[in-house]
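Understanding the architecture of this molecule
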Amino acid sequence: MKPDLASKLLSCNDFGTYFGISQATFDRVWKRLCSPTGNSVVYISMEIGADPDVFSPVKNYLQQEGILESSHRILSHFLKQYLDGPRKIPNYSGGLGVLAGDTLKSFADLHMPVLAVSLLYRGGYFSQFVDSKIGQIDQATTWTPETTPTLYQLKDPEKPELPLEIEVPFFSEHEDPVYCTAQVWMKLECSDNLDYFTPEFLLDYDLPGAPKWLSEASQQLYNAKSNLVKANQRRMLGSAVLPIMEAFGFTANTIHLNEQHGVTVTLHLIVKELEKALGPDYIQRMSKEDIIHAAEKVGQQIIYTIHTPVKAGHDRFSRDLYSSFSHGTVERILDLVAHDEDNQHEYNFTAMAMRINRGINSVSRLHRDVTRKQFPSFASKIKAITNGVHHLTWTSNSRAALFDSIASTRDWRTAPGCFSSLSRSDYPELVSGLRKAWLIDNQRLIAYTNHMLDNHRRQMTETWIDPPNYLSHLSVPDWLEPNVFTVGFARRFSTYKRADLIFDDISRLAEILVKNNWKINFLFAGKAHPEDEPGKMVLKLILDNQERLYKLSNGLGKLVFIPGYDMCIAKLLVSGVHSWLNCPKRPLEASGTSGMKAAMNGVPNISVMDGWWVEGYHNGATGWKFGYEGPIEDSDLSEDRESLLYAEDADSFYNLLPSVLETFYSKHDEFLDIAVNNLKLNVPIFNTHRMAAEYIQTYNLHLEPDAAAKINSFKELYQSDLPSDF
Ligand SMILES: *Cc1c(COP(=O)(O)O)cnc(C)c1O
């Protein structure tokens, strides 16, 4: 045990004691967030997915150093928590939250002064059970923030034995705001070498004595039981931002809306502006022009990232609903800044975010073009910053060890751009290493899946749940084998993602396999939102197709559904499969990020030309494309079943599949070339370090020299906002 361990790993301030960061680092970062220059950013997101089970620089450090225990009382407490777990933080539903987590990690790695605000959901999103006859069964997640390492409940500096409580103002019914109490949890996203961090503040409103509307809305992420609960969740997020900043003295003068959910923060800022300009009786005095002028001023602080062209992602609330809980001043402001162009009875929060900002960005080039089409009056403001993933989070251990060992990629952890300078002379070493690493990751995934099939089989006798998978009913030799071409598909089960697309004509799929005696495994995972009945039906269809595919293909084609999709399963899948399938209805997948996670491991995509793949597909060098890719008409934005082009795009997939299987089974060297090309062409671009650098450019942040130098090296790699080829 090193004597200086406590000084390396412990820090504290008036609000608590934290593990993983030294006091000097902690103080340096905190001070920057409180600097009078205001050169920092508040990042607001409804969800943040940053599961320490999947990536934790602190845990990595402990493992590397072989640190298991300590005689230091506080260290020993934290170490025990870390090593015993559970560490799951189920505060996310899918891509938006995982992107937020990945982004915050890159901000830390690049020494960007950023803090994040989100909510703490004691019921998580939901836990998914799957029964072959019923389909998805959803239950509240049970987890205890109190025993989750890496999450700190902040203390009241005046009374350290009590949790810190902040008062959050809601403009409710009366002219004076109604205050609701929230406790504050903090999580530190530490940089990979523990020399920086991004703090996340999670607001916990579920306190004894909380009004019913508040505790109801605080339980579950994206609770959509009623529009009232939905609206309240948005208010709880947006209204908390300024109180958080005040409580800790943070000075950020840029606010980043990760999707429009938190846009009500601007309402509070507008009221503050009005009060400043007109005095305490601003409510009586304010004119339409005053409000618009205040909104313009507030817009100077706001950056807005729009994440989807799909309706469900954009909040609209009826004016009647809003007037049922808010007072007239709020309506006067919203009438001017949140009016919906097509429906005068609704407030449109996407339109509000579009109006109040100094920059809007989409999440890929194609999505930029689609967003401009959808919001023509804001077209000139909308730029592209293509999404990325945190490469350190999503690269498997065996691949990471390989990249560490090769001279040309040795710096990949800090400089994911290094893959672009791979040369032919690196290939033999890289290819043979990749082959081995892939074998390990595939075997791990197959073992995990077979173990799951076994568990489900046992549970058949113990519970009423019917195993989700047909294979659980067969004997062990019929389960999955490694080295069989394995295709992964995992993401939320929104209907536009068309999880069931490739099973549109199962006999045709089976015929391709039987004719060539090709084996194939399809591994599927993902959750449908509890209120999304069509999404649940698609999931049920996947289950229903298992037996047919197996029988029609004489056991060559196996389809397995893995319940409870989360970041852990995602990481297993993206590195363990041989190809990643992405089959959304173009152009409804704004970016998609799971395919980038696969690319980080050299795993090729088989994808519709939508979202990031328009930029990541290089004429067949990095993977395969299929499906309609012509010009985009307004009708293409429809999510009706008839508009989803099932027959056409499935046909295109069946036409493509034989050449993919032939490459894998008969021209494996070519297959490995495609894998290497993913590393060379896609890793340097589709990572959140590059993405964060592009954001910082947009924010115009003044950075310290070390951070500015890092940013420049990433900026050179890519420019998202070039015209697209379409
Ligand atoms: C990456 C990820 C997603 C997002 O996948 P998309 O392909 O972008 O839809 C969703 N859920 C989890 C758990 C993930 O890790």
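Criteria and thresholds
Residues numbered from 1 in each chain as written. Predicted model: local features only at pLDDT ≥ 70, side-chain atom pairs only at ≥ 80, totals over all residues. Heavy atoms only, no water. Helix = DSSP H or I, 4+ residues; strand = E, 2+ residues; numbered from the N terminus. Rg over C-alpha atoms; globule rule 2.2 N^0.38 Å. Buried < 20%, exposed > 50% of the residue type's maximum accessible area, 1.4 Å probe, protein only. Contact = heavy atoms within 4.5 Å. Areas by Shrake-Rupley, 256 points an atom, 1.4 Å probe, with all protein chains shown as cover. Lys, Arg positive; Asp, Glu negative; His and termini not counted. Charge placed at Lys NZ, Arg CZ, Asp CG, Glu CD. Domains from an automatic or database assignment. Buried area = accessible area lost by both parts, 1.4 Å probe. Salt bridge = Lys/Arg side-chain N within 4 Å of Asp/Glu carboxyl O. Core = buried A, V, L, I, M, F, W, Y, C linked by side-chain atoms within 4.5 Å. Expected span 1.5 Å × (residues − 1). 1 Å grid on protein atoms, 1.4 Å probe; cavity = no way out; pocket = protein on both sides within 12 Å on 5 of 7 lines; lining within 4 Å. Points joined across faces, edges and corners; volume = space filled by probe spheres on them. Nonpolar A, V, L, I, M, F, W, Y, C, P; charged D, E, K, R; others polar. Axes fitted to C-alpha atoms, helices over the stretch in contact; angles between N-to-C directions. Parallel < 35°, antiparallel > 145°, perpendicular 65-115°, else oblique. Left-handed = near helix turned anticlockwise from the far one by under 90°. Pairing = 2+ DSSP bridges. Phe/Tyr/Trp six-rings, centres within 6.5 Å; stacked < 30°, edge-to-face > 60°. Lys NZ or Arg CZ within 6 Å of the ring centre and 35° of its normal.

1. As for the overall build of the protein chain
- Helix and strand counts for the protein chain stand at 27 helices and 22 strands.
- A globule of 726 residues ought to have a C-alpha radius of gyration of about 27 Å, and the protein chain, at 25 Å, matches this closely.
- Projected onto its principal axes, the C-alpha positions of the protein chain cover 80 × 65 × 55 Å.
- Relative to its full complement of 726 residues, the protein chain shows a buried share of 63%.
- Of all intrachain contacts in the protein chain linking residues separated by at least 6 positions in sequence, the fraction that spans at least 24 positions is 75%.
- About 27,200 Å² of surface is accessible on the protein chain, with carbon and sulfur atoms providing 51% of the total.
- Across the protein chain, 71 positive and 89 negative side-chain charges occur, with their mean positions spaced 4 Å apart.

2. Description of the domain arrangement of the protein chain
- Under the domain assignment used here, the protein chain contains domain 1 (1-97 + 114-244) and domain 2 (394-627 + 641-686).
- Between the C-alpha centres of domain 1 and domain 2 there is a distance of 32 Å.
- The interface is formed by 27 residues belonging to domain 1 together with 26 residues belonging to domain 2.
- Across the domain 1/domain 2 interface, buried area totals approximately 2,300 Å², and carbon plus sulfur atoms make up 57% of it.
- It is Val54, Gln128 and Val130 that lose the most area in domain 1 upon contact with domain 2, and together they represent 26% of the buried surface on that side.
- Applying the counting rule to domain 1 against domain 2 returns four salt bridges.
- The salt bridge involving Lys225 is made with Glu531; its shortest N-O contact spans 3.9 Å.

3. Some remarks on the nonpolar core
- Phe503, Phe522, Phe524, Leu573 and Leu581 are the most contacted members of the largest nonpolar core, which has 105 residues in total.
- Domain assignment of the residues forming this core places at least three in each of domain 1 (1-97 + 114-244) and domain 2 (394-627 + 641-686).
- Discounting chain neighbours no more than four positions away, the residues touching Phe503 are Leu509, Phe522, Phe524, Ile542, Asn545, Leu549, Leu559 and Tyr654.
- Counting residues in hydrophobic clusters, the runner-up holds 104 residues, among them Tyr205, Leu274, Met352 and Ile360.

4. Quick look at helix α7 (residues 227-238)
- In this model α7 runs 17 Å from its N-terminal to its C-terminal C-alpha over twelve residues, within 8% of the 16 Å that 1.5 Å per residue would give.
- In terms of burial, α7 is a largely internal element, ten of the twelve residues being buried.

5. So, empty space enclosed by the protein
- Summed over all chains, the structure comprises three cavities of 30 Å³ or more.
- Considering the residues around the largest cavity, the lining is formed by 16 residues, among which Ser56, Tyr82, Thr150, Leu188 and Cys190 are closest to the centre.
- Every element with two or more residues in the lining of the largest cavity is listed here: α3 (57-65) and β9 (178-190).
- Residue contributions to the lining of the largest cavity peak at four residues, all from β9.
- Classifying every residue of the lining of the largest cavity by side-chain character gives ten nonpolar, two polar and four charged.
- A volume near 80 Å³ is recorded for the second largest cavity.
- Lining the second largest cavity, in full, are Phe170, Phe171, Arg235, Ser239, Thr264, Leu267, His268, Tyr322, Ser326 and Val330.
- Tallied by class, the residues present in the lining of the second largest cavity amount to five nonpolar, four polar and one charged.

6. Observations concerning helix α13 (residues 328-337)
- Of all the residues in α13, the buried ones are Thr329, Val330, Glu331, Ile333, Leu334 and Val337.
- Looking at the buried side of α13, the elements it contacts are α9 (265-278), α10 (282-285), α11 (288-299), α12 (319-325), β14 (346-348) and α14 (349-355).

7. Structural notes on the environment of Asp192
- By secondary structure assignment, the location of Asp192 is in the loop between β9 and β10 (197-204).
- With a relative accessible area of 25%, Asp192 lands in the partly exposed category.
- In this structure, the C-alpha to C-alpha distance between Asp192 and Leu228, residues 36 residues apart in sequence, is 41 Å.
- The residues touching Asp192, leaving out its near neighbours within four places in the chain, are Phe55, Pro57, Asp109, Leu392 and Arg413.

8. Looking at the packing of helix α19 (residues 506-516) against helix α24 (residues 646-666)
- Where α19 contacts α24, the axes come no closer than 10 Å and their chain directions differ by 15 degrees. On the basis of the axis angle, α19 is roughly parallel to α24. You can see that α19 and α24 cross each other, and the crossing is right-handed. On α24, the residues that touch Ile506, Arg508, Leu509, Ile512 and Leu513 of α19 are Asp651, Tyr654, Asn655, Leu657, Pro658 and Leu661.

9. Looking at the environment of Leu701
- Secondary-structure assignment places Leu701 in the loop between α26 (688-699) and α27 (705-715).
- Taking C-alpha positions, Leu701 is 9.2 Å from Pro113, a pair spaced 588 residues apart along the chain.
- If we skip the residues at most four places from it in the chain, Leu701 touches Asn39, Ser40, Val41, Pro113 and Ile696.

10. Here's the deal with the pattern of salt bridges
- Under the counting rule described, the total for this entry stands at 35 salt bridges.
- Across the pair Lys88 and Asp566 runs a salt bridge whose closest N-O atoms are separated by 2.6 Å. Within this pair, whereas Lys88 is found in the loop between α4 (73-84) and α5 (95-109), its partner Asp566 is found in the loop between β19 (557-562) and α21 (567-576), the two being separated by 478 residues in sequence.
- The class for Asp566 is buried, based on a relative accessible area of 13%.
- Residues Asp340 and Arg316 are paired through a salt bridge, measuring 2.7 Å at the closest nitrogen-oxygen approach. Linking Asp340 in the loop between α13 and β14 with Arg316 in strand β13 (residues 316-318), this pair joins segments that are 24 residues apart in sequence.
- Assessed through its relative accessible area of 34%, Arg316 is described here as partly exposed.

11. Concerning the sheet that holds strand β22 (residues 623-626)
- The six strands lie next to each other as β19-β18-β17-β20-β21-β22, forming an open sheet whose pairing is parallel. Among the strands making up the open sheet, the edge pair consists of β19 and β22. Averaged over neighbouring strand pairs, the angle between their axes works out to 20 degrees when direction is ignored.
- The pairing of strand β20 (residues 579-582) with strand β21 (residues 605-608) spans three bridges and is classified as parallel. In the sheet register, Asn582 faces β21, and the bridge partner there is Ser607.

12. A look at the packing of aromatic side chains
- The full count for this structure, using the stated rule, is 44 aromatic pairs.
- A ring pair is formed by Phe664 and Phe671, whose centres lie 5.1 Å apart and whose planes are at 85 degrees; its orientation type is edge-to-face. The burial state of Phe664 is the same as that of Phe671; both residues are buried.
- In this structure an aromatic cluster arises from ring pairing among Phe15, Tyr18, Phe19, Phe26, Trp30, Phe78, Tyr82, Tyr152, Phe197, Phe201, Phe248 and Phe250.
- Looking at Arg235, its charged tip hangs above the ring of Trp213, at a distance of 5.6 Å from the centre.
- In this structure, Arg491 is placed above the aromatic ring of Phe489, and the distance from its NZ or CZ to the ring centre is 4.5 Å.

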